[in-house]
Amino acid sequence: MNFSNLFKIALRAVMANKMRSFLTALGIIIGVASVITMLAIGQGSKRSIQANIAEMGSNMIMIHPGADMRGGVRQDPSAMQTLKLADYEALRNECTYIKAISPNVTSSGQWVNGNNNTQSTIYGVSPDYLEIRQLTVEDGVMFGDADIKSSAKVCVVGVTVANYLFPNGEDPVGKVVRFGSIPFRIVGVLKKKGYNSMGMDQDDLVLAPYTTVMKRILAQTWLGNINCSAITEDVTEKATEEITAILRRNHKLKDATDTTPADDDDFNIRSQEELSSMMSSTTDMLTILLGAVAGISLIVGGIGIMNIMYVSVTERTREIGLRMSVGARGIDILNQFLIEAIMLSVTGGIIGVLLGIGASFAVNSIAHWPIFIQPWSIVMSFAVCTLTGVFFGWYPAKKAALLDPIEAIRYE
Amino acid sequence: MQENKVVIELQNVKRDFVVGEETVHALKGVSFKIHEGEFVTIMGKSGSGKSTLLNQLGCLDTPTSGEYLLDGVAVRTMSKSQRAVLRNRKIGFIFQSYNLLPKTTSVENVELPLMYNRNVGSKERTERAIRALEAVGLGERLYHKSNQMSGGQMQRVAIARALVNDPAVILADEATGNLDTRTSFEILVLFQKLHAEGRTIIFVTHNPDIAHYSSRNIELRDGKVISDTTNLNIQSAAEALAALPKSDD
């Protein structure tokens, strides 16, 4: 019997019991739709987290002073004074895997312009900081190396700070504002960046030369931390190793010998890549869990098909007997029921894919969850449900094919 | 009597069934030949082995020993699917309970055997089905569904289905068993018409009256042939039908 005849027979059998066929396919529909929706949600949140991390900076590596023990008491890392300007200069001159580096010292305080004022943080940095944090100056210019050398009292402000200090929309560039008692001339305004994924306002900041902050505000010789950018994401690890080696040498930390263990690092290095892979491992886990739950519902749907096919074979025993007596071979009967099962599962699959895509967009527009529908998730769930049809249709079809025509034709 | 081609030849056919620890000998060595164009009734009470014999003749089962030649082909050593193909080409089955596909039109029911024949295209299939239905007098009911027809009409569809592949032999199993007297005679008239056209018909029944309308009668008892007689005085089913009192409805 050729395929088109088999197809017609299967279609007729499916259409003869519309409600039953629909309910059977419903298992597959729900299974496929949930696989697609769950993977879309999982992938969507992964992508949104990755995007947020990428927004923080480009291939960023952060070097913090390490927690140290003083007489058995572990100290607050921010009180550590182990990162010095000399470290920054050594890294800047010697590191081959980084393209930008900036020290960072911060202080908080009140910014005043006439009778307007705001509380904000001042970051003492080098011009490289813009590249590292992916900031751009929209109006005016960034301060330069000359300003750093002379510890100039200049600054670049974020949009939030500018709006508080100049509520009437005047151009802040060229104006002088005060931080405490120290006057700063605004040379530029940063482009708006908005809130980050943690809800922090990324425009509420002021950048100034690190020399100015260190000497004129804090009067300290150590650094809060050092930020740098690896040349590419791939060399982040190599850059980290390089930085570790340079800092250990500068800090005169002893390597392990036969008798003594190596000195602990007195600094911590965190890379954006590390953060990103940590975050995506969480969302990958989420995706796997969601996918597994959805996959189980697909299997349940397949069992539904198997069950109905068994009922169908029993119910149509006489028909099978008749078909055999007029010349259907076992393989013809097998194919007939297999195609029927596949038809149910593939139809369910198609409806499920459409429903899954629809549900993903519904989740996106109602709950505002980020979604991303991966083409492979559609292809995969479609392939899986076809396989489900073959797998769960096989045993009932085999049972039908092995019926004895003599008994089947007289089956009551 | 002229010697026609031998369509069916049984040579000492035996069939044993193992039921639990016992062996039941359903057929204990049956031999006969049936020639082309014969209308043979096979009679016997229940338990006589006639169903087993029918299954043998219909290639649904194979003999334990002995040989069965259908149209010159030895059946005993054939595989299941070879026998399926043989049934498809050589045999037309008619069952007591019609066994039509439910919710399916007459034409589609009759087309069924041809669906399993790769050599017949869909156009030829429909044409042959329509011709077979016309031959049994159902030219007006080609597209009626099986559940919209009377028992007699359904049995005619079944007969058309048995004719459509132009079989070497038509096997009827109690084909009038579910029908009232009048309809039974109508069906017998149809069988006699097919016989007159030269078809080979084997009609298995427990009803001795039907033997009057066939050309030969084989009687079975306990798995053996106890009589094999040629009917020299074939009665006309059409006359018997005309002689029936008119029904009231």
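Residues numbered from 1 in each chain as written. Chains lettered and ligands numbered in written order. Predicted model: local features only at pLDDT ≥ 70, side-chain atom pairs only at ≥ 80, totals over all residues.

### Describing the overall build of chain B
Right, so step 1: The helix and strand inventory of chain B stands at seven helices and 10 strands.
Right, so step 2: With the C-alpha coordinates aligned to their principal axes, the bounding extent of chain B is approximately 50 × 45 × 45 Å.
Right, so step 3: Expressed as a percentage of the 249 residues in chain B, the buried residues total 46%.
Right, so step 4: Intrachain contacts of chain B at a sequence separation of at least 6 include 70% that bridge at least 24 residues. (Helix = DSSP H or I, 4+ residues; strand = E, 2+ residues; numbered from the N terminus. Buried ≥ 20, exposed ≤ 12 C-beta atoms within 10 Å, placed from the backbone. Contact = placed C-beta atoms within 7 Å.)

### Points about the overall build of chain A
Right, so step 1: Scanning chain A for helices and strands turns up 13 helices and 12 strands.
Right, so step 2: Against the globule reference of 22 Å for 412 residues, chain A gives a C-alpha radius of gyration of 34 Å, more extended than a compact globule.
Right, so step 3: With respect to the principal axes defined by its C-alpha atoms, chain A has extents near 105 × 70 × 35 Å.
Right, so step 4: When each of the 412 residues of chain A is scored for burial, the buried share is 41%.
Right, so step 5: If you take every contact in chain A between residues at least 6 apart in sequence, the share linking residues at least 24 apart comes to 82%. (Rg over C-alpha atoms; globule rule 2.2 N^0.38 Å.)

### Remarks on the sheet that holds strand S8 (residues 201-205) of chain B
Residue and element names in this part refer to chain B.
Right, so step 1: Read across the open sheet, the six strands follow the order S6-S7-S8-S3-S9-S10; overall the sheet is mixed. Unpaired on one side and paired on the other, strand S6 (91-94) and strand S10 (224-230) mark the two borders of the sheet. Across this sheet, the average inter-strand angle for adjacent strands is 15°, counted without regard to direction.
Right, so step 2: Note that strand S3 (residues 39-43) and S8 share five bridges and pair parallel. The residue of S8 that forms the bridge with Ile42 is Val204.
Right, so step 3: On the sheet, helix H5 (residues 151-163) packs against S6 and strand S7 (169-173) and is oriented at approximately 170° with respect to S6. (Pairing = 2+ DSSP bridges. Axes fitted to C-alpha atoms, helices over the stretch in contact; angles between N-to-C directions.)

### Re helix H12 (residues 375-401) of chain A
Right, so step 1: Compared with an ideal rise of 1.5 Å per residue, which puts 27 residues at 39 Å, H12 of chain A spans 38 Å between its outermost C-alpha atoms and is within 8% of the ideal.
Right, so step 2: At Trp394 of chain A, H12 of chain A shows its largest kink, close to 40°, and the proline Pro396 of chain A lies no more than four residues downstream. (Expected span 1.5 Å × (residues − 1). Bend = angle between axes of the 7 residues up to and from the residue.)

### Topic: the interface of chain B and chain A
Right, so step 1: In this assembly, 20 residues from chain B lie in contact with 19 residues from chain A.
Right, so step 2: Where the side of chain B that touches chain A is concerned, the elements lending two or more residues are helix H2 (80-90) and helix H3 (106-115) of chain B.
Right, so step 3: In terms of residue count, H2 of chain B provides more of the side of chain B that touches chain A than any other element does, six residues in total.
Right, so step 4: For the side of chain B that touches chain A, a count of residues per class yields 10 nonpolar, five polar and five charged. (Nonpolar A, V, L, I, M, F, W, Y, C, P; charged D, E, K, R; others polar.)

### So, unusual backbone geometry
With the exception of glycine, the majority of residues adopt a negative phi angle, and the majority of peptide bonds are in the trans configuration.
Residue and element names in this part refer to chain B.
Right, so step 1: Here the phi dihedral of Asp71 falls at roughly 55°; this positive angle occurs in a residue that is not glycine.
Right, so step 2: Residue position: Asp71 is located in the loop between strand S4 (65-70) and strand S5 (73-74).
Right, so step 3: Residue classification places Asp71 among the partly exposed residues on the basis of 18 C-beta atoms within 10 Å.
Right, so step 4: For Lys103, which is not glycine, the phi dihedral falls at a positive 55°.
Right, so step 5: Position of Lys103 relative to the elements: it lies in the loop between S6 and H3.

### Concerning the pairing of strand S9 (residues 182-190) of chain A
Residue and element names in this part refer to chain A.
Right, so step 1: Relative to S9, strand S6 (residues 137-140) runs antiparallel, the two being bridged by three bridges. Across the sheet, residue Gly140 finds its bridge partner in S9, namely Gly188.
Right, so step 2: Relative to S9, strand S7 (residues 154-157) runs parallel, the two being bridged by four bridges. Looking across to S9, one finds that Val154 is bridged to Arg185.
Right, so step 3: With four bridges connecting them, strand S8 (residues 176-179) and S9 associate as antiparallel partners. Counterpart to Val177 in the pairing with S9 is Phe184.

### Focus on the sheet that holds S5 of chain B
Residues and elements named next belong to chain B.
Right, so step 1: Across the sheet, which stays open at both edges, the four strands sit in the order S2-S1-S4-S5 with antiparallel pairing between neighbours. Of all strands in the sheet, those with a lone pairing partner are strand S2 (22-35) and S5, marking the two edges.
Right, so step 2: When strand S1 (residues 6-19) meets S2, the two strands line up antiparallel, connected through 11 bridges. Each bridged residue has a counterpart across the sheet, and for Leu10 the counterpart in S2 is Phe32.

### Some details on the packing of helix H2 (residues 18-56) of chain A against helix H11 (residues 330-366) of chain A
Residues and elements named next belong to chain A.
Right, so step 1: The geometry of H2 relative to H11 is characterised by a closest axis approach of 6 Å and an angle of 40° between their N-to-C directions. Compared by their axis directions, H2 and H11 come out oblique. The handedness of the crossing between H2 and H11 comes out as right-handed.
Right, so step 2: When grouped by side-chain class, the residues that make up the contact of H2 with H11 number 16 nonpolar, 11 polar and no charged. (Parallel < 35°, antiparallel > 145°, perpendicular 65-115°, else oblique. Left-handed = near helix turned anticlockwise from the far one by under 90°.)

### A few points about the nonpolar core
Right, so step 1: Ranked by size, the top nonpolar core spans 120 residues in total, and within it Ile94, Ala160, Leu171 and Ile202 of chain B carry the most contacts.
Right, so step 2: With 12 residues, the single largest contributor to this core is H2 of chain A.
Right, so step 3: Beyond its immediate chain neighbours, meaning those up to four positions away, Leu171 of chain B contacts Leu54, Leu57, Gly58, Ile91, Gly92, Phe93, Ile94 and Ile202 of chain B.
Right, so step 4: In terms of nonpolar packing, the next biggest core, distinct from the first, is built from 51 residues, Leu135, Ala162, Ala208 and Val213 of chain A among them. (Core = buried A, V, L, I, M, F, W, Y, C linked by C-beta atoms within 7 Å.)

### Some remarks on the confidence of the model for chain B
Right, so step 1: When pLDDT is averaged across chain B, the result is 90; 98% of the residues are at 70 or more.
Right, so step 2: For this predicted complex, the interface score ipTM comes out at 0.91, while the overall pTM is 0.72. (pLDDT = per-residue confidence, 0-100.)

### Some points on the packing of helix H1 (residues 3-16) of chain A against H11 of chain A
Residue and element names in this part refer to chain A.
Right, so step 1: Their axes nearest at 9 Å, the elements H1 and H11 cross at an angle of 60°. Comparing their axes, H11 and H1 come out oblique. In the packing of H1 onto H11, the handedness of the crossing is right-handed. In this structure, H1 contributes Leu6, Phe7, Ile9, Ala10, Leu11, Ala13 and Val14 to the contact, and H11 contributes Asn335, Gln336, Ile339, Glu340, Met343 and Leu344.
Right, so step 2: Classifying every residue of the contact of H1 with H11 by side-chain character gives 10 nonpolar, two polar and one charged.

### Describing H2 of chain A
Right, so step 1: Given a rise of 1.5 Å per residue, 39 residues ought to cover 57 Å, and the 56 Å separating the end C-alpha atoms of H2 of chain A matches this to within 8%.
Right, so step 2: Where H2 of chain A bends most, at Ala25 of chain A, the angle is about 30°.

### A short note on the environment of Thr37 of chain A
Residue and element names in this part refer to chain A.
Right, so step 1: As for its position among the elements, Thr37 is in helix H2.
Right, so step 2: Taking the number of C-beta atoms within 10 Å as the measure of exposure, Thr37 has 25 and is therefore buried.
Right, so step 3: Between the alpha carbons of Thr37 and Asn117 there is a distance of 49 Å; along the sequence they are 80 residues apart.
Right, so step 4: Setting aside its immediate chain neighbours within four residues, Thr37 contacts Gly356, Ala359, Ser360 and Val363.

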